[in-house]
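Descriptive structure summary
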Amino acid sequence: MEQQQNIVALVTGASRGAGKGIALALGAMGATVYVTGRSREEGYAALPGTVDATAAAVTGAGGTGVAAYCDHADDAQVEALLARIDDEQGKLDILVNNATALHDALTEAGPFWEKPLALTEIWNVGMRSHYTTTYFAAPLLLKSQRGLVVNTSSFGGRIYMHGPAYGAGKAAIDKMAHDMAYDFRPYGVAVVSIWMGLLLTERSQRVFDAEPDKYAELIPTCESPEFTGRVIAALYRDPALMSRSGKVWVGAELAEEFGVTDTDGRQPPSHRAFFGPTTSFGDAVVE
């Protein structure tokens, strides 16, 4: 991947999963990447991965990884994080809002009232934390000559997926990207929501390993955690970036347009044919 110098990025929720993969891909373009999470050491969470390990991997990929322990449910910690980035870098070019709270019962079958109320935590670390992180990041993004905010999302923002708690959280951050883009547009900062496909993360791998026959046909369609990061890197370099602001995009479709492939050289498929088109929003403005 072509490297670019002096790019400062923040990827939230990057101890593992999509966040880690995105951070690695941005590191491969030569960026300084701040990675956040709560996992200081292995064993803190049920799944493997730590903030320090991700930061080291970013550096190994060709960038500069910076570990930043942060609980995105705590506004004071988020504010302090952005103050630190301002002090150390003086700007922020790319913000990837990825931190989220996914309860283990999320994918269980059944109506929402038979699932734990804790599933609504995705509205706190997810929906609300995307807002607050962008809120505190805004002054730094305005200092960038080319700013980009990405909310990682999914087709669950438009269809029934895992129940109403998950769906409401994803639909909210898609609309948030649209509305934030309106406020940022005069300052040249783009905001988009990217729908990812099924990711081959530590969490999904655990599910696949438990029932390999059930998911045998699905696994080959999975995206690596790095794939979305590659798409974001290409999007940031796109001369038409601002024309894409305020919209929801399917990551696989952007990849095909930009000529981006996954880590194994594949072109992951878009699931539009099965799940339908992306959400579109009205053009009217009421201030």
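Here's a quick rundown of the structure. Predicted model only: the values in this text are computed from it and were never measured. (Residues numbered from 1 in each chain as written. Predicted model: local features only at pLDDT ≥ 70, side-chain atom pairs only at ≥ 80, totals over all residues. Heavy atoms only, no water.)

A short note on the environment of Y187
Note the following rule: Numbering of helices and strands runs from the N terminus; a helix is a DSSP stretch of H or I covering at least four residues, while a strand is a stretch of E covering at least two.
Relative to the helices and strands, Y187 resides in the loop between α5 (164-184) and β6 (189-195). Through-space distance from the C-alpha of Y187 to that of K143 is 9.3 Å; in sequence the pair is 44 residues apart.

Points about helix α3 (residues 75-89)
Because an α-helix packs 3.6 residues into every turn, residues spaced three or four apart end up facing the same way. Let me state the cut-off plainly: The span expected for a helix works out to 1.5 Å for each residue beyond the first. Only protein chains enter the accessibility calculation, which uses a 1.4 Å probe. A residue is then buried if its area is under 20% of the maximum for its type, exposed if over 50%, and partly exposed in between. Working definition: the arc comes from the directions between the helix axis and the C-beta atoms, pointing outward to the latter. N or O atoms closer than or at 3.5 Å make up a polar contact, with two conditions inside protein: a donor-capable atom paired with an acceptor-capable one, and, for residues adjacent in sequence, both atoms drawn from side chains.
With 15 residues, α3 should cover 21 Å at 1.5 Å per step; its first-to-last C-alpha distance of 21 Å lies within 8% of that length. Within α3 the residues assigned to the buried category are V78, L81, L82 and I85. End-on view of α3: buried residues confined to an arc of 90°, all on one side of the axis. Away from its buried face by more than 90 degrees, α3 exposes A76 and D87. In this structure D74 caps α3, since a side-chain oxygen of it lies 3.0 Å from the backbone nitrogen of A76. In the stretch just after α3, G90 is the one whose phi turns positive, near 80°.

Remarks on the nonpolar core
The condition is simple: We call a set of buried residues a nonpolar core when its members are Ala, Val, Leu, Ile, Met, Phe, Trp, Tyr or Cys and they connect through side-chain atoms within 4.5 Å of each other. The criterion used for residue contact is that any of the two residues' heavy atoms lie within 4.5 Å.
Counting 34 residues, the largest nonpolar core has L26, V33, L148 and I232 as the members making the most contacts within it. With residues near it in sequence (within four places) discarded, I232 still touches I22, L26, I94, V96, L148, V150 and I194. V66, C70, L95 and M180 belong to the second-largest nonpolar core, a separate cluster that totals 25 residues.

Description of the sheet that holds strand β2 (residues 32-37)
Note the cut-off: Strand pairing is defined by DSSP finding a minimum of two bridges between the two strands. An axis is simply a line fitted to the C-alpha atoms; with a helix, the fit covers only the stretch in contact. Between two such axes, the angle follows the N-to-C directions and lies from 0 to 180 degrees.
The 7 strands are arranged β3-β2-β1-β4-β5-β6-β7 in an open sheet whose pairing can be described as parallel. Taken across any chain shown, the strands that pair with only one partner, and hence form the sheet edges, are β3 (64-69) and β7 (248-250). On average, each strand axis in the sheet is inclined to that of its neighbour by 20°, with strand direction left out of account. Across 3 bridges, strand β1 (residues 8-11) lies against strand β4 (residues 94-97) in parallel orientation.

Thoughts on the packing of aromatic side chains
Aromatic ring pairs are defined here through the distance separating the ring centres and the angle between the ring planes. This is how it is decided: Pairing of aromatic rings covers Phe, Tyr and the six-membered ring of Trp, with a centre-to-centre limit of 6.5 Å; geometry is then stacked below 30 degrees between planes, edge-to-face above 60, and tilted otherwise.
What the rule picks out here adds up to 5 aromatic pairs. Between Y135 and F136 the ring centres are 5.2 Å apart and the planes differ by 85°, which places this aromatic pair in the edge-to-face class. Between F155 and F275, the aromatic rings sit 5.3 Å apart at their centres with planes inclined by 45°, giving tilted as the arrangement. You can see F155 sitting in the loop between β5 (147-153) and α5 and its partner F275 sitting in helix α9 (residues 272-275), a full 120 residues away along the chain. Relative accessible area serves as the criterion here: at 25%, F275 is assigned to the partly exposed category. One aromatic cluster is present, built from ring pairs that chain together F155, W195, F274 and F275.

Digging into empty space enclosed by the protein
Basically, it comes down to this: Points on a 1 Å grid over protein atoms alone make up a cavity when a 1.4 Å probe fits among them but cannot get out, and a pocket when they form an open set with protein on both sides within 12 Å along at least five of seven lines; lining residues each have an atom within 4 Å of a point. Grid points are joined across faces, edges and corners, and a volume is the space filled by probe spheres set on the points. Amino acids are sorted into nonpolar (Ala, Val, Leu, Ile, Met, Phe, Trp, Tyr, Cys and Pro), charged (Asp, Glu, Lys and Arg) and polar (every other residue, Gly among them).
Applying the stated criterion across every chain, the model contains 1 cavity of 30 Å³ or more. The volume enclosed by the largest cavity comes to roughly 40 Å³. For the largest cavity, the full set of lining residues is A99, T100, I122, G126, M127, H130, G169, K170 and I173. Among the elements of the structure, α4 (124-141) and α5 are those that each provide at least two residues to the lining of the largest cavity. Among the residues forming the lining of the largest cavity, the class breakdown is 4 nonpolar, 4 polar and 1 charged.

Overview of the layout of surface pockets
Rolled over the atoms, a probe with the dimensions of a water molecule shows which regions are left empty. Taken as a whole, the second largest pocket holds about 420 Å³ of empty space. Taken together, the residues of the lining of the second largest pocket break down into 7 nonpolar, 6 polar and 7 charged.

Remarks on the pattern of salt bridges
Our working definition: The salt bridge criterion pairs a side-chain nitrogen of Lys or Arg with a carboxyl oxygen of Asp or Glu, the two atoms within 4 Å.
Under the counting rule described, the total for this entry stands at 10 salt bridges. Residue K175 pairs with D179 through a salt bridge whose shortest N-O separation is 2.8 Å. Here K175 pairs with D179, and both are found in helix α5, just 4 residues apart, close to one helical turn. The partly exposed category is assigned to K175, whose relative accessible area is 36%.

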